[in-house]
Amino acid sequence: MNSISFIGRRLLQIVPVLIGISLVSFFLIMMIPGDPVRMVLGPRATEEAVTAMRQEWGLDRPIWAQYLSYIGNTLTGDLGQSLKFRIPVLDLVLQYLPRTLFLVAYVLVIALPATILMAVIAARNEGRWPDQLIRVISILGMTIPVFWLGVLFARYFGVKLGWFPVSGYGDGFVEHLHHLFLPAVSTSLWLAPLLTRNLRAALIEQTEADYVAASRAKGLPEGYIFRRHILRNSVLPTLNLLGVMIAFLIGGSVVVEIVYAVPGLGALMVGSVLGRDYFVIQGLTLVYAIATVAITLAIDIFTAAIDPRTSE
Amino acid sequence: MTDLASTASVHPAAPRFRHGTIEAALGAALLLAWLIAAVGAGVFAPYDPNALDLVAMLAPPDGVHWFGTDHLGRDVFSRVIYGARIDIWMGFAGVIAPLVVGVTVGLIAGYFGGLTDTILMRILDITVAFPFFILVIAIVGVLGPGLVNYIIALALVAWVAYARLVRAEVLVVKRLEYVQAARALGFSDFVIILRHVLPNVLGSITIYAWTDAVMVILAGASLGFLGLGAQPPTAEWGVMIADGQPYVLQAWWICLFPGIAMVTLSLGFILVSDGLSRRLRVSS
């Protein structure tokens, strides 16, 4: 009962955020310097053509009317036409989306076990050399530009050694795994250090908690206390951080997709920006934001399910 | 830029050895070295960063060209040195712009509270609903590629972290007795914020700003690499790596050196930030 009302409350809170998101993506198009119609039609367009397109796009109507029809269209899944591909933006997004999702899942499968392993080793050896070593690794991981590493990896492991394909997505699950291995590893190399730093801090904070001292006083073995209490209590803060990081990951996938020529949403985004395909930019921005909100919501609900205290 | 230098030189000279001092000093030394390189690029760089030498295309590193030359025969060493100007400027402007916006929003929201606070925090919620890099690309995409538009995009997107930090601190500070006293004495809100609240929140935002600089530089270089940031032939490190990408098998040096430059500059910022926050944690 309590958890249902919590979910209801969270859903209600999301409504204004969704309205805000729609406003931002609507006004994004308004930020185009100059006249978007002339931009699309080119400088030599006749006055009639400009007026016709202005009417077709509804730009002759007041702003609020334009916004309302934008909302109406969006709710029915109409995100406009791509100026370059001449197909609906939604179709384009659905076509590119699975590759990015696959990549993000792949990264998590690689980065999460590595993170947990490194953070546990570091926390259990706080201040000693394994902790220092992991700290150095994680600082280095944060400073190395992913695209630079990607370029070097693609040429060395891909072209020189020929171990991995350096572009595309492949056919079938095994081929996907093979094609996306280098992109996923390059991304994990900056994600895992960030997560490790935070999980390590959470673990050490728990180590100093009163209940740990109480468990020790009862004579429980250290390993048991660590597994049963400390690790469990560190899951929640890390889970919340993971929600934030997934949003970051979605953004970070853009660069990796370009380096390894993976035809995903990020590559589509950059292509649209370079080709001034405004409705695709607008639609993608909206889709990315809704995905982020959905992930945050899912993690909140999951957190509340694990730990009922957070829903109070 | 002078600001970077002065902040950097303050911390190594701490009176007593404390946790994080060595880190902060090492970071400051790295930053100082890059700053000197950037300011004195005209002196240190042996060649014009954009001078073409079509006879010496893709020449490997040697005594004449320390870091080799690129596909147009430009000296990679000179371009890396001149690139420091662009990337440090980018880090500086890219931190200051969102910092000013965020601090202002945070001060106003935290100090006045009520409806003002609610509205500003709703705007914040909406901004964080977008993945950071995506919104930056979208704004740059709409305004047009380029460094200045990148800074504008950062001012619109990256202010949220500063606003949150500052607002949280202001909520604490405004209950302190001397702030209450200043209010009772009839000082205007503006004076109270500027003279009494702002100095109290500067510490925590400074530490964050050092880490933020790393993100700003990495994201900016990524944009340069994607063709959305600094535009060729500008000697910006991300642009240089993109230039070298097609030749990386036969001429690895074009890509390698700008990347090492980025790692060492970012390392400087992270070490200073880490060192400072460790020292604060130990001393508090």
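Since this is a predicted model, take the numbers as computed values, not measurements.

Scanning chain B for helices and strands turns up twelve helices and zero strands. When the elements of chain B are put in sequence order from the N terminus, they spell out α-α-α-α-α-α-α-α-α-α-α-α. Within chain B, the fraction of its 284 residues that count as buried is 55%. Counting only contacts in chain B whose residues sit at least 6 apart along the sequence, the fraction spanning at least 24 positions is 73%. Accessible area of chain B: about 11,900 Å², with a carbon and sulfur share of 69%. Across chain B, the 15 positively charged side chains and the 17 negatively charged ones have centroids separated by 15 Å.

All names here are of chain A. For helix H11 (residues 222–259), built from 38 residues, the straight-helix expectation of 56 Å at 1.5 Å per residue is missed by more than 12%, its first-to-last C-alpha distance being only 46 Å. Leu-231 marks the point of greatest bend in H11, at about 30 degrees. Of the residues trailing H11, Ala-261 is marked for its positive phi of about 50 degrees.

What follows covers a nonpolar patch on the surface. Residues and elements named next belong to chain A. Taken together, the side chains of Leu-12, Val-15, Ile-19, Leu-23, Phe-27, Met-30 and Ile-63 make up a nonpolar region of the molecular surface, amounting to roughly 600 Å² of accessible area. Ranked by residue count, the leading element in the nonpolar patch is helix H1 (residues 2–30), at six residues. Position of Met-30 among the secondary structure elements: in helix H1. Given a relative accessible area of 36%, Met-30 falls into the partly exposed group.

Next up on the list: the interface of chain B and chain A. In many reports, interface size means the accessible area that the parts give up when they come together. Chain B puts 45 residues into the contact, and the matching count from chain A is 44 residues. Of the roughly 3,900 Å² buried between chain B and chain A, counting both surfaces, carbon and sulfur atoms make up 82%. A per-residue breakdown of the area chain B buries against chain A is headed by Phe-130, Ile-134 and Val-142 of chain B, which together make up 16% of the total. Scanning the region where chain B abuts chain A turns up three salt bridges. Among the salt bridges present, the one from Arg-197 of chain A reaches Asp-274 of chain B, with a minimum N-O distance of 2.7 Å. The tally of links between chain B and chain A comes to four residue pairs in polar contact (both at pLDDT 80 or more). Broken down by secondary-structure element, the contributors of at least two residues to the side of chain B that touches chain A are helix H5 (114–128), helix H6 (132–143), helix H10 (189–226), helix H11 (237–244) and helix H12 (253–283) of chain B. In terms of residues, the side of chain B that touches chain A owes the most to one element, H12 of chain B, which gives twelve residues.

So, about the nonpolar core. Ranked by internal contacts, the top residues of the largest apolar core, which has 157 residues, are Leu-191 of chain A together with Trp-34, Phe-133, Ile-137, Tyr-150, Leu-226 and Trp-237 of chain B. In terms of residues, this core owes the most to one element, H10 of chain B, which gives 18 residues. Membership of the second largest hydrophobic core comes to ten residues, among which are Ala-123, Leu-203, Val-212 and Ile-225 of chain A.

In this section: the pattern of salt bridges. A complete count under the given rule lists ten salt bridges over all chains for this structure. The closest approach of N and O atoms between Asp-274 of chain B and Arg-135 of chain A, which form a salt bridge, is 3.4 Å. Pair noted here: Asp-274 of chain B is in helix H12 and Arg-135 of chain A is in helix H6 (residues 129–143), and the two residues belong to different chains. For the salt bridge of Glu-222 of chain A with Arg-216 of chain A, the shortest nitrogen-to-oxygen distance reads 2.4 Å. Under the relative-accessibility criterion, Glu-222 of chain A is labelled partly exposed at 39%. In this structure Arg-216 of chain A comes out as partly exposed when scored by relative accessible area, which is 37%. One continuous salt-bridge network, built from bridges that share partners, spans Arg-135 and Arg-197 of chain A together with Glu-23 and Asp-274 of chain B.

All names here are of chain B. In this model, chain B carries a mean pLDDT of 86, and residues with pLDDT of at least 70 account for 92%. The secondary structure element of chain B with the lowest average pLDDT is helix H1 (residues 2–10), at 43, and the one with the highest is helix H7 (residues 147–157), at 94. Counting contacts from residues 1–16, a segment whose pLDDT is below 50, to residues more than four positions away or on other chains yields 20 contacts. Two numbers describe this predicted complex: its pTM, 0.86, and its ipTM, 0.85.

Residue and element names in this part refer to chain A. Each pocket or cavity is described by its volume, and for the second largest pocket that value is around 770 Å³. Taken together, 27 residues form the lining of the second largest pocket, with Glu-56, Trp-57, Gly-58, Gly-80 and Phe-279 sitting closest to its centre. Those elements that provide at least two residues to the lining of the second largest pocket are H1, helix H2 (36–41), helix H3 (47–57), helix H4 (63–75) and helix H13 (278–306). A per-element tally of the lining of the second largest pocket places H4 first, with five residues.

Attention now goes to unusual backbone geometry. With an omega dihedral of 5 degrees, the bond running from Pro-232 of chain B to Pro-233 of chain B counts as a cis peptide bond. Note on placement: Pro-233 of chain B falls in the loop between H10 and H11. Non-glycine residue Ala-261 of chain A carries a positive phi angle of around 50 degrees. We classify Ala-261 of chain A as partly exposed; its relative accessible area is 40%. The phi torsion at Leu-58 of chain B lies on the positive side, around 50 degrees, for a residue other than glycine. Summarising the element assignment, Leu-58 of chain B is placed in the loop between helix H3 (41–44) and helix H4 (76–112).

Think of a pair of aromatic rings as described by two things: how far the centres are apart, and how the planes are tilted against each other in angle. Here the structure, examined in full by the defined rule, presents 19 aromatic pairs over all chains. Ring centres of Trp-210 of chain B and Phe-269 of chain B lie 5.8 Å apart, and the angle between their planes is 45 degrees; this geometry places the pair in the tilted category. Separated by 59 residues along the polypeptide, Trp-210 of chain B in helix H10 and Phe-269 of chain B in helix H12 bring together distant segments of the chain. You'll find Trp-210 of chain B and Phe-269 of chain B in the same group, each marked buried. Here the basic side chain of Arg-124 of chain A rests over the ring of Phe-226 of chain A, its NZ or CZ set 4.7 Å away from the ring centre.

Analysis parameters
Along each chain, the written sequence defines residue order, and numbers are assigned to residues from 1. Think of it this way: whatever chain is written first is A, whatever ligand is written first is 1, and the rest follow in order. Confidence filtering applies because this is a predicted model: local features only for residues at pLDDT of at least 70, side-chain atom pairs given and counted only at 80 or more, and all residues used for totals across whole chains, interfaces and linings. Neither water nor hydrogens contribute to the side-chain values; these are computed over all heavy atoms in the structure. Numbering of helices and strands runs from the N terminus, with a helix taken as a DSSP run of H or I at least four residues long and a strand as a DSSP run of E at least two residues long. Throughout, exposure labels follow a simple rule: accessible area from a 1.4 Å probe, protein chains only, divided by the maximum for the residue type, with under 20% read as buried, over 50% as exposed, and the rest as partly exposed. Contact definition: two residues touch when any of their heavy atoms are within 4.5 Å. Surface accessibility in these figures is a Shrake-Rupley result with a 1.4 Å probe; residues are shielded only by whichever protein chains are displayed. Only four residue types enter the charge count: Lys and Arg as positive, Asp and Glu as negative, with His and the chain ends excluded. Charge placement uses NZ in Lys and CZ in Arg. For Asp and Glu, CG and CD serve respectively. The span expected for a helix works out to 1.5 Å for each residue beyond the first. Bend is computed residue by residue as the angle between axes fitted to the seven residues ending at the residue and the seven residues starting at it. Patch construction takes residues with relative accessible area above 30% that form no salt bridge. Like charges are linked within 9 Å, and nonpolar side chains (Val, Leu, Ile, Met, Phe, Trp, Tyr) are linked within 5 Å. Salt bridge criterion: a side-chain nitrogen from Lys or Arg within 4 Å of a carboxyl oxygen from Asp or Glu. By convention, the term buried area covers the 1.4 Å-probe accessible surface removed from two parts as they join, with the contributions of both added. Polar contacts here mean pairs of N or O atoms no more than 3.5 Å apart (in protein, one a potential hydrogen donor and the other a potential acceptor; neighbouring residues in sequence count only if both atoms are side-chain atoms). Side-chain atoms within 4.5 Å are what join buried Ala, Val, Leu, Ile, Met, Phe, Trp, Tyr and Cys residues into a set we call a nonpolar core. As a per-residue measure, pLDDT tells how confident the predictor is, with possible values from 0 to 100. A pocket here means an open set of points on a 1 Å grid, computed over the protein atoms alone, that has protein on both sides within 12 Å along at least five of seven lines. A cavity is instead a set of points where a 1.4 Å probe fits but cannot get out; residues with an atom within 4 Å of a point line either one. Grid points are joined across faces, edges and corners, and a volume is the space filled by probe spheres set on the points. Working definition: rings of Phe, Tyr and Trp (its six-membered ring) pair if their centres are within 6.5 Å, and the pair is stacked with planes under 30 degrees apart, edge-to-face with planes over 60 apart, and tilted otherwise. Placement of a charge over a ring requires the Lys NZ or Arg CZ to be within 6 Å of the ring centre, with the centre-to-atom vector within 35 degrees of the ring normal.

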